[in-house]
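# A closer look at the structure
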Amino acid sequence: MKQKKIPRKYETRARILKALGHPTRLFIVDTLSKEQKCVCELTELVGADISTVSRHLSILKEAGILRIEKTGNQVFYEIVCPCIMEIFPCIEKTLNERLKDEEM
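Notes on the structure in this doc start here. Computed from a predicted model, the values in this text were never measured in an experiment.

What counts and what doesn't
- Residues numbered from 1 in each chain as written.
- Predicted model: local features only at pLDDT ≥ 70, side-chain atom pairs only at ≥ 80, totals over all residues.
- Heavy atoms only, no water.
- Buried < 20%, exposed > 50% of the residue type's maximum accessible area, 1.4 Å probe, protein only.
- Helix = DSSP H or I, 4+ residues; strand = E, 2+ residues; numbered from the N terminus.
- Arc of directions from axis to C-beta.
- Core = buried A, V, L, I, M, F, W, Y, C linked by side-chain atoms within 4.5 Å.
- Contact = heavy atoms within 4.5 Å.
- Salt bridge = Lys/Arg side-chain N within 4 Å of Asp/Glu carboxyl O.
- Polar contact = N/O pair within 3.5 Å; in protein donor to acceptor, adjacent residues only side chain to side chain.
- Pairing = 2+ DSSP bridges.
- Axes fitted to C-alpha atoms, helices over the stretch in contact; angles between N-to-C directions.

Here helix H3 (residues 39–46) has its buried residues at Val39, Leu42 and Thr43. The buried residues of H3 all sit within an arc of 105 degrees when viewed along its axis, so they share a single face.

Spelled out as structure tokens, the structure:
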């Protein structure tokens, strides 16, 4: 049986979710939801080397979650669409329900 083609919107959604699928990238998104930051600030906050942080930022940017803003010779990162943060309360609710079910 031939499989139906999955609409492109699902591929795009999966790419965004995959980009968020790392603790460091979740931390970066949470941090940038408060204010834009340069790579040097994020490197210090994450506690990793600049190449590692830059790679995480690149993945988030390629997924369309972040954009850059250049000011002089500094590059700042910011969230494209702050509503991305709305996914986290849903995740927390799911986690709490799971924990509640495990206690029963």
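Ranked by internal contacts, the top residues of the largest apolar core, which has 18 residues, are Val29, Leu32, Leu57, Leu60, Ile65 and Leu66. If you list the elements that add at least two residues to this core, you get helix H1 (8–20), helix H2 (23–32), H3, helix H4 (50–62) and strand S3 (74–79). With residues up to four places along the chain from it excluded, the contact list for Leu32 reads Lys37, Leu42, Leu66, Tyr77 and Ile79.

What follows deals with the pattern of salt bridges. Taken as a whole and assessed by the stated rule, the structure comprises five salt bridges. Across the pair Arg67 and Glu78 runs a salt bridge, and its minimum N-O distance is 2.9 Å. Of this pair, Arg67 sits in strand S2 (residues 66–71) while Glu78 is found in strand S3, placing the two residues eleven residues apart along the sequence. Across the pair Arg98 and Glu102 runs a salt bridge, and its minimum N-O distance is 3.4 Å. On the criterion of helical spacing, the pair formed by Arg98 and Glu102 is a turn pair, its members being four residues apart in helix H5 (residues 87–103). Take Arg98 and Glu102: they sit in the same class, and that class is exposed.

Residue placement: Ile87 occurs in helix H5. Given a relative accessible area of 28%, Ile87 falls into the partly exposed group. Spatially, the C-alpha atoms of Ile87 and Glu11 are 18 Å apart, while their sequence positions differ by 76 residues.

Time to look at the environment of Arg25. Relative to the assigned elements, Arg25 resides in helix H2. The contacts of Arg25, once residues within four sequence positions are left out, are Lys18, Ala19, His56, Ile59 and Leu60. A polar side-chain atom of Arg25 sits 3.0 Å from a polar atom in the side chain of His56.

Once that is clear, we can look at the sheet that holds S3. Spatially, three strands are ordered S1-S3-S2 in an open sheet, and the strand pairing comes out antiparallel. Where the open sheet ends on each side, the last strands, each with one partner, are strand S1 (37–38) and S2. Direction of pairing for S2 relative to S3: antiparallel, over a ladder of six bridges. From the neighbouring strand, Arg67 faces S3, where its bridge partner is Glu78. Across the sheet, H2 touches S1, S2 and S3, and the angle it forms with S3 is around 90 degrees.

Read these as spatial facts, not as claims about activity.
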